[in-house]
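Survey of secondary and tertiary structure
If you want the building blocks of each chain, they are given just below.
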Amino acid sequence: DAGVIQSPRHEVTEMGQEVTLRCKLISGHNSLFWYRQTMMRGLELLIYFNNNVPIDDSGMPEDRFSAKMPNASFSTLKIQPSEPRDSAVYFCASSLANTPSYNEQFFGPGTRLTVL
Amino acid sequence: AQSVSQHNHHVILSEAASLELGCNYSYGGTVNLFWYVQYPGQHLQLLLKYFSGDPLVKGIKGFEAEFIKSKFSFNLRKPSVQWSDTAEYFCAVATNAGKSTFGDGTTLTVKP
């Protein structure tokens, strides 16, 4: 299996532009997590889905952020409009949930976002 | 809601020194416990995990962790660190709901 796939790996954009980050889950996994990592704030959970349904979006910073799972294997995280303070590494992770032995999360390589 | 506390933010050791990183969690029910490692410039990878059974768990690269239920702790240990262990280490707690709560991380620097 290729593991969790994220694209793009690097994104540089200007303030005010729309940014879309993409994530492909590991085949057979049913939970998807979006995290943001910065030096100042560490690793933050933004939102997670279980069986395509958003379960907890309390970590989404504000209305400029939105996430979707159009199907069981794919998710997008959109920032519109982007701001310099959104600069971070965004990780996507997947797991097979609802089974105690399968709460391990598999992380993608991350997208390094720079907003100028 | 569960929470995870990692006591050490930054640990600096010389090669061959022993390592222990503290992790405490708060949750009254059944938990799954994890340690993840993030090498510089890379993504998080699983180091070891505890679900049930023997509370002493062995992971990759000579790491181990001990689950002490009475202390709500899951400390990570390695008897002799190497320069290549320089990384950030995250403790995480998951319940059957599927969500993991991560600690703030501990940065380990091993001096050659």
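Residues numbered from 1 in each chain as written. Chains lettered and ligands numbered in written order. Predicted model: local features only at pLDDT ≥ 70, side-chain atom pairs only at ≥ 80, totals over all residues. Heavy atoms only, no water.

Counting its regular elements, chain A contains zero helices and eleven strands. In sequence order, the secondary structure elements of chain A are arranged as β-β-β-β-β-β-β-β-β-β-β. At 14 Å, chain A has a C-alpha radius of gyration in line with the 13 Å of a compact globule built from 116 residues. By sequence separation, contacts in chain A at least 24 residues apart represent 55% of the contacts at least 6 residues apart. As displayed, chain A offers around 5,600 Å² of accessible surface, 51% of which is attributable to carbon and sulfur atoms. (Helix = DSSP H or I, 4+ residues; strand = E, 2+ residues; numbered from the N terminus. Rg over C-alpha atoms; globule rule 2.2 N^0.38 Å. Contact = heavy atoms within 4.5 Å. Areas by Shrake-Rupley, 256 points an atom, 1.4 Å probe, with all protein chains shown as cover.)

Moving on, we come to the environment of A:G28. All names here are of chain A. Assignment of secondary structure puts G28 in the loop between β3 (19–24) and β4 (31–38). The exposure class of G28 is exposed, given its relative accessible area of 58%. Note: C-alpha distance between G28 and L96 (68 residues apart in sequence) is 7.3 Å. (Buried < 20%, exposed > 50% of the residue type's maximum accessible area, 1.4 Å probe, protein only.)

Turning next to the interface of chain B and chain A. Taken together, the contact pairs 20 residues of chain B with 19 residues of chain A. On inspection of chain B and its partner chain A, the count reaches one salt bridge. The shortest N-O distance in the salt bridge between A:E104 and B:K49 comes to 3.0 Å. For the interface between chain B and chain A, the tally reads four residue pairs in polar contact (both at pLDDT 80 or more). Listed by contribution, the elements that provide at least two residues to the side of chain B that touches chain A are β5 (32–38), β6 (45–50), β10 (87–94) and β11 (100–102) of chain B. Among the elements that take part in the side of chain B that touches chain A, β5(B) stands out by supplying four residues, more than any other. Here the residues of the side of chain B that touches chain A are counted per class, giving nine nonpolar, eight polar and three charged. (Salt bridge = Lys/Arg side-chain N within 4 Å of Asp/Glu carboxyl O. Polar contact = N/O pair within 3.5 Å; in protein donor to acceptor, adjacent residues only side chain to side chain. Nonpolar A, V, L, I, M, F, W, Y, C, P; charged D, E, K, R; others polar.)

A word on the pairing of β10(B). Residues and elements named next belong to chain B. Where burial is concerned, most of β10 is hidden: seven out of the eight residues are buried. Note: β10 against strand β12 (residues 106–111), three bridges, orientation antiparallel. Across the sheet, the residue bridging to Y89 is T106, located in β12. As defined by bridge partners, β10 adjoins β11 across three bridges and the pair is classed as antiparallel. By the bridge assignment, A92 is partnered in β11 with F102. (Pairing = 2+ DSSP bridges.)

Among the nonpolar cores identified, the biggest contains 28 residues, and B:L19, B:L33, B:W35, B:L48, B:F74, B:L76 and B:Y89 are the most heavily contacted of them. In contact with B:L76, not counting residues within four places along its chain, are B:L19, B:E20, B:L21, B:W35, B:L47, B:L48, B:F63, B:E64, B:A65 and B:Y89. Membership of the second largest hydrophobic core comes to 22 residues, among which are A:I26, A:M69, A:I79 and A:C92. (Core = buried A, V, L, I, M, F, W, Y, C linked by side-chain atoms within 4.5 Å.)

The next point concerns the state of the cysteines. Within this structure, the stated rule accounts for two disulfides over all chains. Between the sulfur of A:C23 and that of A:C92 lies a disulfide, 1.7 Å long from S to S. On the sign convention where negative is left-handed, the bridge of A:C23 and A:C92, at about -55° about the S-S bond, is left-handed. With A:C23 in strand β3 and A:C92 in strand β9 (residues 88–95), this residue pair connects regions lying 69 residues apart in the sequence. Given a relative accessible area of 0%, A:C92 falls into the buried group. Through a disulfide, B:C23 is tied to B:C91; the S-S separation comes to 1.9 Å. Taking the sign of the torsion about the S-S bond as the criterion, the disulfide between B:C23 and B:C91, at about -65°, is left-handed. Taken together, the positions of B:C23 in strand β4 (residues 23–26) and B:C91 in strand β10 put the pair 68 residues apart, joining distant regions of the chain. Neither B:C23 nor B:C91 differs from the other in exposure class; each is buried. (Disulfide = S-S within 2.5 Å.)

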